[in-house]
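# Descriptive structure summary
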Amino acid sequence: MTMTALEEELSRVAGSVLDPELPVLTLAELGVLRGVHVTGPGRVEVSLTPTYTGCPAVETMSSDIERALHEHGVPEVSVVTVLAPAWSTDDISEEGRRKLAEFGVAPPRPQGPANGPVPLTLAIRCPHCGSTDTELLSRFSSTACKALRRCTACREPFDHFKEL
């Protein structure tokens, strides 16, 4: 389905909302914004896919999208959660991956298509010094989608956005 110029504009507004758990990424860069559709005069429906089914940030994302579109002049906004197709870390844009690394979070490794080749890069690169000599400290970090790792070269701990 082709988006209208208004839908493209509203998609940029909604997509510019920052992720509440990773405030260096916009929702567009994170890849969770699935669509913006004008459903009538002054009415917009936004489709949002959470990073995982129980993601507690969805409510905040929805409120922030509604606020941004209201401020842009849209009186009636509804945000619907779409679970299929499921979100994948492959949905994170290259710009989003770059921003994660700059923020000190190791970005997820690309997974590729489900029935495609298996990526050869298994190491997690330290966002501080670039070394691939890292170790897992905990499978969980500040959020369920991140793991806590440490670089054995520079000894700095860092979060790694887990692949999904």
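Source: prediction; values computed, not measured. (Residues numbered from 1 in each chain as written. Predicted model: local features only at pLDDT ≥ 70, side-chain atom pairs only at ≥ 80, totals over all residues. Heavy atoms only, no water.)

## Section: the UniProt feature "domain: PaaD zinc beta ribbon" (unreviewed entry) in the protein
The feature "domain: PaaD zinc beta ribbon" (unreviewed entry), as given by UniProt, occupies residues 122-162 in the numbering adopted here. Secondary structure content for residues 122-162 is 0% helix and 39% strand, while the C-alpha to C-alpha distance between its ends is 12 Å. (UniProt positions renumbered as here; feature names shortened; annotations may be inferred. Helix = DSSP H or I, 4+ residues; strand = E, 2+ residues; numbered from the N terminus.)

## So, the sheet that holds strand E3 (residues 76-81)
Spatially, three strands are ordered E1-E2-E3 in an open sheet, and the strand pairing comes out mixed. Lying at the two open borders of the sheet, with one neighbouring strand each, are strand E1 (33-40) and E3. The mean angle between the axes of side-by-side strands here comes to 20°, regardless of whether they run parallel or antiparallel. Across six bridges, E1 lies against strand E2 (residues 43-48) in antiparallel orientation. Paired with Gly-35 across the bridge in E2 is Ser-47. Sitting on the sheet, helix H1 (residues 5-15) touches E1 and E2, and the angle it makes with E1 is about 135°. Packing against the sheet, helix H3 (residues 58-71) makes contact with E1, E2 and E3, and its axis sits at approximately 155° to E3. (Pairing = 2+ DSSP bridges. Axes fitted to C-alpha atoms, helices over the stretch in contact; angles between N-to-C directions. Contact = heavy atoms within 4.5 Å.)

## Points about the packing of aromatic side chains
Overall, the coordinates contain one aromatic pair when judged by the stated rule. For the pair Trp-87 and Phe-161, a centre-to-centre distance of 6.0 Å together with 55° between the ring planes defines the contact as tilted. Of the two residues, Trp-87 sits in the loop between E3 and helix H4 (94-103) while Phe-161 sits in strand E7 (residues 157-161), which places them 74 residues apart along the sequence. (Phe/Tyr/Trp six-rings, centres within 6.5 Å; stacked < 30°, edge-to-face > 60°.)

## A look at H1
Buried within H1 we find Glu-7, Leu-10, Ser-11, Val-13, Ala-14 and Gly-15. Where H1 is buried, its residues meet helix H2 (27-30), E1, E2 and H3. (Buried < 20%, exposed > 50% of the residue type's maximum accessible area, 1.4 Å probe, protein only.)

## A closer look at the side chain of Asp-19
Considering the arrangement of structural elements, one finds Asp-19 in the loop between H1 and H2. In terms of polar contacts, Asp-19 uses its side chain to reach the backbone amide nitrogen of Leu-22, at 2.6 Å. Beyond its immediate chain neighbours, meaning those up to four positions away, Asp-19 contacts Leu-25, Leu-27, Leu-30 and Met-61. (Polar contact = N/O pair within 3.5 Å; in protein donor to acceptor, adjacent residues only side chain to side chain.)

## A closer look at the packing of H1 against H3
For the pair H1 and H3, the least separation of the axes is 9 Å and the interaxial angle reads 130°. Comparing their axes, H3 and H1 come out oblique. The two elements H1 and H3 meet at a crossing, and its hand is right-handed. Only Ile-65, Ala-68 and Leu-69 of H3 make contact with H1, whose side of the interface consists of Leu-10, Val-13 and Ala-14. Residue composition of the contact of H1 with H3, grouped by class: six nonpolar, no polar and no charged. (Parallel < 35°, antiparallel > 145°, perpendicular 65-115°, else oblique. Left-handed = near helix turned anticlockwise from the far one by under 90°. Nonpolar A, V, L, I, M, F, W, Y, C, P; charged D, E, K, R; others polar.)

## Some words on the domain arrangement of the protein
Parsing the protein into structural domains produces domain 1 (5-81) and domain 2 (92-111 + 121-161). Once you take the C-alpha centre of each, domain 1 and domain 2 turn out to be 27 Å apart. Tallying the contact residues gives seven residues for domain 1 and eleven residues for domain 2. When domain 1 packs against domain 2, close to 940 Å² is buried across both sides, 72% of that on carbon and sulfur atoms. Looking at the side of domain 1 facing domain 2, the largest losses of area belong to Leu-22, Val-24 and Glu-29, adding up to 53% of the total buried there. (Domains from an automatic or database assignment. Buried area = accessible area lost by both parts, 1.4 Å probe.)

## Some details on the sheet that holds strand E6 (residues 146-151)
Spatially, four strands are ordered E4-E7-E6-E5 in an open sheet, and the strand pairing comes out mixed. At either margin of the open sheet sits one strand with a lone partner, and together these are strand E4 (105-106) and strand E5 (134-138).

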